[in-house]
Amino acid sequence: MPIAGALAAILLSQTTTTVELDPTLKELVDLTNAYRIEQKLGPLKLNAKLVTIAQSHTVDQANRAELTHKGTDGWMVQKRADAIKYNWRRIGEVVASGPTSAADVLKAWVASEQHKKLLVGKFADLGVGLAKSADGTRYWTMVFGQSK
């Protein structure tokens, strides 16, 4: 059974758009924004709806011990965003399994041209997720969005 514990802890306020992340996910956001600034791009803003879909998809992957963009419900990121009523113009997602630190997962995504395109894409909003599978493998998801 995957542990939700501190690594997957996300506190979403029901009355505001404030998002509080655990330190590992906060580090990932900070490193991602530092990378974007190095690339002469603006930082991404955490979005509670995107954090919710990123985390739920990450837990789904960890529960199955399967790296995939498709959820057990058959949904891809676009449908997950629609279901939570994130009114998107552009939406994208990167997933990973294995890296044990925020720095390592970002390094892996930057090394992949396909993933790097999303990291430097024309997005304003960001959601992140992290969960462990039963065997301890870490699963990571980052969702990028640009609302209408």
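Bear in mind that the values here come from a model prediction, so they are computed numbers and not experimental data.

What counts as what
Residues numbered from 1 in each chain as written. Predicted model: local features only at pLDDT ≥ 70, side-chain atom pairs only at ≥ 80, totals over all residues. Heavy atoms only, no water. Buried < 20%, exposed > 50% of the residue type's maximum accessible area, 1.4 Å probe, protein only. Helix = DSSP H or I, 4+ residues; strand = E, 2+ residues; numbered from the N terminus. Arc of directions from axis to C-beta. Contact = heavy atoms within 4.5 Å. Pairing = 2+ DSSP bridges. Axes fitted to C-alpha atoms, helices over the stretch in contact; angles between N-to-C directions. Core = buried A, V, L, I, M, F, W, Y, C linked by side-chain atoms within 4.5 Å.

1. Section: helix α4 (residues 102–111)
Inspection of α4 places A102, V105, L106 and W109 among the buried residues, and these make up the whole buried set. Within α4, the buried residues cover an arc of 95° as seen down the axis, which keeps them to one side. In α4, the exposed residues that point more than 90 degrees away from the buried face are K107 and A111. Residues of α4 that are buried sit in contact with α1 (23–38), β4 (88–97), α5 (113–119) and β6 (138–147).

2. A word on the sheet that holds β6
Strand-to-strand pairing in sheets goes through backbone hydrogen bonds, with the strands running parallel or antiparallel. In space, the 4 strands of this open sheet follow the order β3-β5-β6-β4, with mixed pairing throughout. Both edges of this open sheet fall to β3 (45–46) and β4, since each of them pairs with a single strand only. With 9 bridges joining them, β4 and β6 adopt antiparallel strand pairing. Note on β6: the bridge partner recorded for V94 is M142. Where α1 meets the sheet, its contacts fall on β3, β5 (125–132) and β6, and the angle it forms with β5 comes to roughly 140°. Across the sheet, α4 lies against β4 and β6, angled at about 60° from β6, the strand it touches most.

3. Re unusual backbone geometry
Excluding glycine, most residues fall at negative phi; most peptide bonds, likewise, are trans. For K40, which is not glycine, the phi torsion reads 65° and is therefore positive. Structurally, the position occupied by K40 is in the loop between α1 and β3. On the accessibility criterion, K40 (75% relative accessible area) is exposed. The phi torsion at K85 lies on the positive side, around 65°, for a residue other than glycine.

4. Comments concerning the pairing of β6
Among the 10 residues of β6, 9 are classified as buried, and the element is accordingly described as predominantly covered. Bridging between β5 and β6 involves 8 bridges; their strand directions are antiparallel. Along β6, the bridge assignment pairs V128 with M142. Between β5 and β6, which pair antiparallel in sequence order, lie 5 residues; one of them, G136, sits at a positive phi of approximately 95°.

5. Structural notes on the nonpolar core
Counting residues in each nonpolar core, the largest one holds 23 residues, and the members touching the most others are L28, W109, V128, M142 and F144. Looking at this core, the elements with two or more residues in it are β2 (19–21), α1, α2 (48–64), β4, α4, β5 and β6. In this view, L28 contacts A102, V105, L106, W109, V128, W140 and M142; residues no more than four positions away in its chain are not counted. If you look at the next biggest cluster of nonpolar residues, it comprises 8 residues, including A54, A81, Y86 and I91.

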